[in-house]
Structures are given as C-alpha cells and as structure tokens.
Amino acid sequence: VMLAESGGGEAQPGGSLRLSCAATGTIFGRGAMAWDRQVPGKPRELIARITSVGSTYYADSVKGRFVISRDNAKNTVYLQMNSLKPEDTGVYYCNIVLKLQQGGPEDDYWGQGTQVTVSS
C-alpha cells in the first residue's frame, strides 16, 4: 500500500490550495484520515482529522480556513486550504488508517509529504 500526495506548491497570502492523498493497493477497509504539518523549527502537528463517520477536528491555527474531506470509494483524503497565511508554510503529511484484509489489524500509513509555501 502506498499513499501519494499531490496539490502542494506556492500560493500568495489569501490564496487557496487543495491537497489530495490517495491510497493505492489492496485495501479492505479504512478508518480515520488526517493531515499533519511540519513547520521549520517546530514539531509536527496534527491540523485536521476526519473519522470514518465524518466527524472532523481542526487545530485552532487552521479552524475556519481549512476543510478536510474524504472519498472512501477512492481511498482519498483532501485538504482544502483557504485564506492562506505565510505561517501555513511547511511540509504537509497525510495519514490514513487502513485495514488490508478482513480480520486483520488497522495500521497507520503516511504520505511522503508535500511542500506548501505561502509567500508574496
């Protein structure tokens, strides 16, 4: 199983970007999906999470600006980032909980990270 992220890049303050993360491979089931952010000089932080039933969590730093969503049929999680700020600059990592076979365990899988740079 692999997680492939896309959608990172550069944006101006106030702009928008949409990140995608798709899991490929043999997948039996999926649990929570999330996005972490690594800002230079700071520890990695959880910024958004969505459960298997659609409940969401947002860090205070992104609440009201970012929206996390999921498409179970595509094993994909999205992060719509609006009203971007320079402090949103960092590497964004997706995380998906997957079950690869019936009766098997659930494990965390991570994307490779995608750079987001917000600058004028």
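Residues numbered from 1 in each chain as written. Predicted model: local features only at pLDDT ≥ 70, side-chain atom pairs only at ≥ 80, totals over all residues. Heavy atoms only, no water.

A.B. asks: Could you clarify how one ought to interpret the sheet that holds strand E8 (residues 76-81) in this entry?
C.D. replies: Pairing between the strands of a sheet comes from backbone hydrogen bonds, and it takes one of two forms, parallel or antiparallel. Pairing within the open sheet is antiparallel, and its 4 strands lie in the order E1-E3-E8-E7. Edge positions in the sheet fall to strand E1 (2-6) and strand E7 (66-71), since each has one partner strand and no second. Along the sheet, successive strands turn relative to each other by an average axial angle of 15 degrees, direction set aside. The pairing of E7 with E8 spans 6 bridges and is classified as antiparallel. Following the sheet pairing, Val-67 is matched in E8 by Gln-80. (Pairing = 2+ DSSP bridges. Helix = DSSP H or I, 4+ residues; strand = E, 2+ residues; numbered from the N terminus. Axes fitted to C-alpha atoms, helices over the stretch in contact; angles between N-to-C directions.)

A.B. asks: Explain the pattern of salt bridges here, please?
C.D. replies: Oppositely charged side chains are able to pair whenever their charged atoms sit close together. Going through the model one piece at a time under the given rule, you end up with 4 salt bridges. In this structure, Arg-37 and Glu-45 form a salt bridge, with 3.1 Å as the shortest nitrogen-oxygen distance. Judged by relative accessible area, Glu-45 falls into the partly exposed class, the value being 28%. The salt bridge involving Asp-88 is made with Arg-65; its shortest N-O contact spans 2.7 Å. With Asp-88 in the loop between E8 and strand E9 (90-99) and Arg-65 in the loop between strand E6 (56-58) and E7, this pair connects stretches of sequence that are 23 residues apart. (Salt bridge = Lys/Arg side-chain N within 4 Å of Asp/Glu carboxyl O. Buried < 20%, exposed > 50% of the residue type's maximum accessible area, 1.4 Å probe, protein only.)

A.B. asks: What is the right way to read the environment of Ser-69 from this model?
C.D. replies: With respect to the element layout, Ser-69 can be found in strand E7. Residue Ser-69 is classed as partly exposed on the basis of its relative accessible area of 29%. In this structure the C-alpha to C-alpha distance between Ser-69 and Ile-50, which are 19 residues apart in sequence, comes to 7.0 Å.

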